[in-house]
Every structure is written in C-alpha cells, then in structure tokens.
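One-letter residues, chain by chain:
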Amino acid sequence: MPKYSFDFKLQVVQDYYSGIGRKRFLAKKYGITLRQVAVWKNSYKEFGTLGLQLIHSLKHASIKHSQLDS
C-alpha cells in the first residue's frame, strides 16, 4: 500500500505548478523530503496523473525485475 495517497501527491504537484512554492518550500510545508517532491513532479510531468498513481507499482516492478536478474 502506498505511503501517500494519490490526492496528497496531486496536491503537492498542483501547488508546485501553480507557483505556490518551489520544491524546498513544499517539502517543508507538507513534511516530506525534497527528493519526494522532485519524484512526484517528474512523474506528473512525464505521465500526468497516471504517473502519480503508478509510482509505487513501477518501483516494485523494478525491484522484482532486478532481483530476477541476480
């Protein structure tokens, strides 16, 4: 189960793109890491809202795939 809800991630990204604040400000405002804001921003930029829904699934798939290659 994802640590953060889709709605929460979307709110952070919307705040970023609407100019409410830069990544550092939003990370502090929402109590998350700067890296997390960047990941969500980049996923949203590349895939739209689907990117925010798939982050967790894609990460697990990548880990499982790398374990199979070992």
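Residues numbered from 1 in each chain as written. Predicted model: local features only at pLDDT ≥ 70, side-chain atom pairs only at ≥ 80, totals over all residues. Heavy atoms only, no water.

Colleague: What am I meant to see in the nonpolar core here?
Modeller: Soluble globular proteins: nonpolar side chains tend toward being buried together. Counting residues in each nonpolar core, the largest one holds 8 residues, listed as L10, V12, V13, A27, I32, V37, W40 and L52. Here this core gets 3 residues from one element, more than from any other, and that element is helix 1 (residues 6-17). Excluding residues within four positions of it along the chain, V12 makes contact with L26, Y30, I32, V37 and W40. (Core = buried A, V, L, I, M, F, W, Y, C linked by side-chain atoms within 4.5 Å. Buried < 20%, exposed > 50% of the residue type's maximum accessible area, 1.4 Å probe, protein only. Helix = DSSP H or I, 4+ residues; strand = E, 2+ residues; numbered from the N terminus. Contact = heavy atoms within 4.5 Å.)

Colleague: I keep staring at the side chain of K9 and nothing clicks. Help me out?
Modeller: Structurally, K9 is set in helix 1. We note that K9 is buried and unpaired, the nearest opposite charge coming from D7 at a distance of 10 Å. A polar side-chain atom of K9 sits 2.9 Å from the main-chain carbonyl oxygen of L52. Residues within four places of K9 in sequence aside, it is in contact with Y4, W40 and L52. (Lys, Arg positive; Asp, Glu negative; His and termini not counted. Salt bridge = Lys/Arg side-chain N within 4 Å of Asp/Glu carboxyl O. Polar contact = N/O pair within 3.5 Å; in protein donor to acceptor, adjacent residues only side chain to side chain.)

Colleague: What exactly am I supposed to notice about the packing of helix 1 against helix 2 (residues 23-30) here?
Modeller: For any two helices packed against each other, one specifies the inter-axial angle together with the distance between the axes. Where helix 1 contacts helix 2, the two axes come as close as 10 Å, and the packing angle between them is 145°. Regarding helix 1 and helix 2, the two cross each other, and that crossing is right-handed. Judged by residue contacts, F8, Q11, V12, D15 and Y16 of helix 1 engage K23, L26, K29 and Y30 from helix 2. When its residues are assigned to classes, the contact of helix 1 with helix 2 shows 5 nonpolar, 1 polar and 3 charged. (Axes fitted to C-alpha atoms, helices over the stretch in contact; angles between N-to-C directions. Left-handed = near helix turned anticlockwise from the far one by under 90°. Nonpolar A, V, L, I, M, F, W, Y, C, P; charged D, E, K, R; others polar.)

Honestly, it's all geometry; don't read function into it.
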